[in-house]
Amino acid sequence: MKIFKRKLYNKLQEWKNDSQGRTALLIEGARRIGKSTLVEQFAENEYESYILIDFSQAPESIKKLFTDVSNLDYIFLQLQLQYKTDLHKRKSVIVFDEVQLYPLARQAIKSLVKDGRYDYIETGSLISIKKNVQNILIPSEERKLSMWPMDYEEFLWALDDTTTIPLLKSVWKSKQSLGEQTNRKLMRDFRLYMLIGGMPQAINEYLETNNFKNVDLVKRDILSLYEDDFRKIDSTGKISLLFDSIPAQLNKNTSRYQVSGVLKNERADSILDLIAELKDSKTVLVSYNANNPNAGLSNNKDLGKFKLFLADTGLFTTLVFKDKDFTENIIYEKLLNDKLQANLGSL
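Notes on the structure in this doc start here. As the structure is a computational prediction, the values presented were derived from the model and not from experiment.

Considering the overall build of the protein
Working step 1: Tallying secondary structure elements over the protein gives 16 helices and 7 strands in all.
Working step 2: Relative to its length of 347 residues, the protein is compact, with a C-alpha radius of gyration of 22 Å against a globular reference of 20 Å.
Working step 3: With the principal axes as the frame, the protein shows a C-alpha extent of 65 × 50 × 45 Å.
Working step 4: Here the protein has roughly 18300 Å² of accessible surface; of this, 48% comes from carbon and sulfur atoms.
Working step 5: With 50 positive and 47 negative side-chain charges, the protein shows a separation of 5 Å between the mean positions of the two kinds.

Below, the structure written as structure tokens:
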């Protein structure tokens, strides 16, 4: 899979230079947005050596190392032996990938950072959910960064287009017109982004196959992963229903998400915890109603009045047609563009 340029890379560099080992970095985000790829690329480019511990695959012998951090020399020795990698003081980084799967490793960060020999980067999905941090001491030595799907500029970079965004910025600043023909071309490119979205796996599939059906299948797989995660944190299925109903709710063009139309006998005020968990998963964006347009919207927002949007436009378009099989590309694109224009109007 092709490695794409991400803006967050610069934030990682800033953390490394500013922190100088005084904090660990925790990168939070939904699954399949490229957290592990970005961190491994950063570790390979910016350090003499690195060890990546993937807690979705790590053996018990590795996990047990973090149950007792009283002897760090022993832990570092075992890591070097088992991963066959030498660690160098202040020149190496240890990555805890999918750290939410083994919370004791996250708790160990406090002692590891205090030791100061190496840098530490953690990645996690749904990591803010309460069940993932029960009975552990959350380290204050963490600096958090949120990661999202690739934005439009990053999408264009993946297509080897580094001129469009600077051109648009220049035209906007000078208040010049691009002309109808150029504008049509730019809008086609933007609609392509709305269709494919910013999930690296979907973009890679498009670049390799130029086949929207294959891209759609990739996105359906990602949505299935999200559904599995939702079931793990909410066995009632309410979170899944709230998520799946986002396109229908937006299509109604109402002033808010109508919870009672999705969950019988429920009101928005009664499911604030579920909305919080959806928001923490970073699979959705929550837009709250605020009657006062002045600064400090957070002081005026109404938690019971909100709209939900998917964090990725490509996943949104696939979710719209989730109950239908992919047919001819031309039919899919026409339906998709009409639906997108209608729903984007409610943003």
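Structure's up, so let's keep going.
Examining the packing of helix H11 (residues 212-233) against helix H15 (residues 313-320)
Working step 1: At their nearest, the axes of H11 and H15 sit 9 Å apart, and the two run at 90° to each other. Taken together, the axes of H11 and H15 are roughly perpendicular relative to one another. Here Asp-216, Lys-219, Arg-220, Ile-222, Leu-223 and Tyr-226 of H11 lie close against H15, whose contacting residues are Gly-314, Leu-315, Thr-317, Thr-318 and Leu-319.
Working step 2: Split by residue class, the contact of H11 with H15 holds 5 nonpolar, 3 polar and 3 charged.

A short note on the packing of aromatic side chains
Working step 1: Per the stated rule, a full pass over the model turns up 16 aromatic pairs.
Working step 2: Seen in terms of ring centroids, Tyr-288 and Phe-306 are 6.4 Å apart; in terms of plane orientation they differ by 70°. Their pairing is edge-to-face. With Tyr-288 in strand S6 (residues 284-290) and Phe-306 in strand S7 (residues 301-310), the pair connects residues that are 18 residues apart, well separated along the chain.
Working step 3: With relative accessibility at 22%, the residue Tyr-288 sits in the partly exposed group.

Notes on the sheet that holds strand S1 (residues 24-28)
Working step 1: Strand order in this open sheet of 5 strands is S2-S3-S4-S1-S5, and the pairing throughout is parallel. Two strands bound the open sheet, and with one partner strand each, they are strand S2 (49-54) and strand S5 (142-146). On average, each strand axis in the sheet is tilted by 20° relative to the strand beside it, whichever way the strands run.
Working step 2: Two elements, strand S3 (residues 92-97) and strand S4 (residues 119-124), share 4 bridges in a ladder whose sense is parallel. Bridged to Phe-96 within S4 is Glu-122.
Working step 3: Of the strands in this sheet, S1, S4 and S5 are in contact with helix H1 (residues 8-19), which crosses S5 at around 170°.
Working step 4: Against the sheet, helix H4 (residues 72-83) contacts S2, S3 and S4, and its axis sits at roughly 90° relative to S2.

Section: the pairing of S4
Along a regular strand, successive side chains alternate from one face of the sheet to the other.
Working step 1: A large share of S4 lies buried, amounting to 6 of its 6 residues.
Working step 2: With burial as the criterion, each face of S4 is covered, one bearing Asp-119, Ile-121 and Thr-123 and the other bearing Tyr-120, Glu-122 and Gly-124.
Working step 3: By the bridge criterion, 4 bridges tie S1 to S4 in an arrangement that is parallel. Bridge pairing in S4 places Leu-25 opposite Ile-121.

Here we look at the pattern of salt bridges
Working step 1: Scanning the model with the defined rule gives 18 salt bridges in all.
Working step 2: In this structure, the salt-bridge partner of Arg-6 is Glu-154, at a minimum N-O distance of 3.4 Å. One end of the pair, Arg-6, is in the segment before H1; the other, Glu-154, is in helix H7 (residues 152-158), with 148 residues separating them in the sequence.
Working step 3: Classification of Arg-6 by relative accessible area gives buried; the value is 9%.
Working step 4: Between Glu-180 and Arg-184 there is a salt bridge, with its nearest N and O atoms 2.9 Å apart. Taken together, the residues span about one helical turn, with Glu-180 and Arg-184 both in helix H9 (residues 180-196) at a distance of 4 residues.
Working step 5: Among the residues examined, Glu-180 registers a relative accessible area of 59% and is labelled exposed.
Working step 6: Each of the salt bridges in this network shares a partner with another, and the network as a whole consists of Lys-7, Asp-151 and Glu-153.

Focus: the environment of Ile-222
Working step 1: Relative to the elements of secondary structure, Ile-222 occurs in helix H11.
Working step 2: Taking the C-alpha atoms as reference points, Ile-222 and Ser-140, separated by 82 residues in sequence, lie 32 Å from one another.
Working step 3: When residues no more than four places from it in sequence are discounted, the contact partners of Ile-222 are Arg-32, Met-199, Gln-201 and Leu-315.

Looking at H15
Working step 1: Counted residue by residue, H15 has 7 buried out of 8 residues, so it is predominantly covered.
Working step 2: Residues of H15 that are buried: Gly-314, Leu-315, Phe-316, Thr-317, Thr-318, Leu-319 and Val-320.
Working step 3: A distance of 3.1 Å separates the backbone nitrogen of Gly-314 from a side-chain oxygen at the start of H15, and that oxygen is part of Asp-312.

A few points about the nonpolar core
Working step 1: Formed by 66 residues in total, the largest nonpolar core has its most connected members in Ile-196, Leu-242 and Phe-243.
Working step 2: A total of 8 residues in this core trace back to one element, the largest contributor, which is H11.
Working step 3: With 25 residues, the next largest nonpolar core counts Ala-58, Ile-75, Leu-79 and Val-99 among its residues.

Observations concerning H9
Working step 1: With 17 residues, H9 should cover 24 Å at 1.5 Å per step; its first-to-last C-alpha distance of 24 Å lies within 8% of that length.
Working step 2: Three or more residues of H9 are buried, namely Leu-186, Asp-189, Leu-192, Tyr-193, Met-194, Leu-195 and Ile-196.
Working step 3: Of the residues one or two after H9, Gly-197 is the one with positive phi, at around 85°.

About the criteria used
- Residues numbered from 1 in each chain as written.
- Predicted model: local features only at pLDDT ≥ 70, side-chain atom pairs only at ≥ 80, totals over all residues.
- Heavy atoms only, no water.
- Helix = DSSP H or I, 4+ residues; strand = E, 2+ residues; numbered from the N terminus.
- Rg over C-alpha atoms; globule rule 2.2 N^0.38 Å.
- Areas by Shrake-Rupley, 256 points an atom, 1.4 Å probe, with all protein chains shown as cover.
- Lys, Arg positive; Asp, Glu negative; His and termini not counted.
- Charge placed at Lys NZ, Arg CZ, Asp CG, Glu CD.
- Axes fitted to C-alpha atoms, helices over the stretch in contact; angles between N-to-C directions.
- Parallel < 35°, antiparallel > 145°, perpendicular 65-115°, else oblique.
- Contact = heavy atoms within 4.5 Å.
- Nonpolar A, V, L, I, M, F, W, Y, C, P; charged D, E, K, R; others polar.
- Phe/Tyr/Trp six-rings, centres within 6.5 Å; stacked < 30°, edge-to-face > 60°.
- Buried < 20%, exposed > 50% of the residue type's maximum accessible area, 1.4 Å probe, protein only.
- Pairing = 2+ DSSP bridges.
- Salt bridge = Lys/Arg side-chain N within 4 Å of Asp/Glu carboxyl O.
- Polar contact = N/O pair within 3.5 Å; in protein donor to acceptor, adjacent residues only side chain to side chain.
- Core = buried A, V, L, I, M, F, W, Y, C linked by side-chain atoms within 4.5 Å.
- Expected span 1.5 Å × (residues − 1).

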